[in-house]
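# Residue-level structure breakdown
If you want the building blocks of each chain, they are given just below.
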Amino acid sequence: MLNKSFVAFMMTAALLLSACEKDVETYPVSGEQCGPEDPVKTLDAADCNILPAGV
């Protein structure tokens, strides 16, 4: 069973790590410039389906 303080810490960390991006012209982790040929622009919501284990 997870400790309540650990869960609170993880939720706080997730909140801080998902803070708004101030510079939308670069990727948040790598800092590389966004461009019109980026492969992520062709992604669709259907590409992000995650199936549960055992399916």
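Anything mentioned here points back to the structure above.
Per chain, residues are indexed from 1 in the order of the written sequence. Predicted model: local features are reported for residues with pLDDT of at least 70 only, side-chain atom pairs are reported and counted for 80 or more only, and whole-chain, interface and lining totals are derived from all residues. Hydrogen atoms and water are omitted, and side-chain values are computed over all heavy atoms in the structure.

### Side note on the overall build of the protein
Counted only if it meets this: What counts as a helix is a DSSP run of H or I of at least four residues, what counts as a strand is a run of E of at least two, and both are numbered from the N terminus. In this scheme, a residue with accessible area under 20% of its type's maximum is buried, one over 50% is exposed, and one in between is partly exposed, where area comes from a 1.4 Å probe on protein chains only. In these tables, accessible area is a Shrake-Rupley quantity obtained with a 1.4 Å probe, and a residue counts as shielded only by the protein chains included in the view.
Along the protein, the regular secondary structure elements total one helix and zero strands. Taking all 55 residues of the protein together, 5% fall into the buried category. A total accessible area of about 5,500 Å² is found for the protein, and carbon and sulfur atoms account for 65% of it.

### Regarding helix α1 (residues 4-17)
Definition in use: By this rule, a helix spans an expected 1.5 Å times one less than how many residues it contains. Pairs of N or O atoms are called polar contacts if they sit within 3.5 Å, as long as, within protein, a hydrogen donor faces a hydrogen acceptor (for residues adjacent in sequence, only side-chain-to-side-chain pairs).
For α1, spanning 14 residues, the distance from its first C-alpha to its last is 20 Å, which sits close to the expected 20 Å at 1.5 Å a residue. Capping the start of α1 is the job of one residue whose side-chain oxygen sits 3.0 Å from the backbone nitrogen of serine 5: asparagine 3.

### Focus on a nonpolar patch on the surface
Selection criterion: Note that patches include only residues with greater than 30% relative accessible area and no salt bridge, and the join distances are 9 Å for like charges and 5 Å for nonpolar side chains (Val, Leu, Ile, Met, Phe, Trp, Tyr). Take a side-chain nitrogen of Lys or Arg and a carboxyl oxygen of Asp or Glu: if they are within 4 Å of each other, that pair is a salt bridge.
On the surface, Phe6, Phe9 and Met10 cluster together into a nonpolar patch covering about 320 Å² of accessible area. According to the relative accessible area criterion, phenylalanine 6 is partly exposed, its value standing at 41%.

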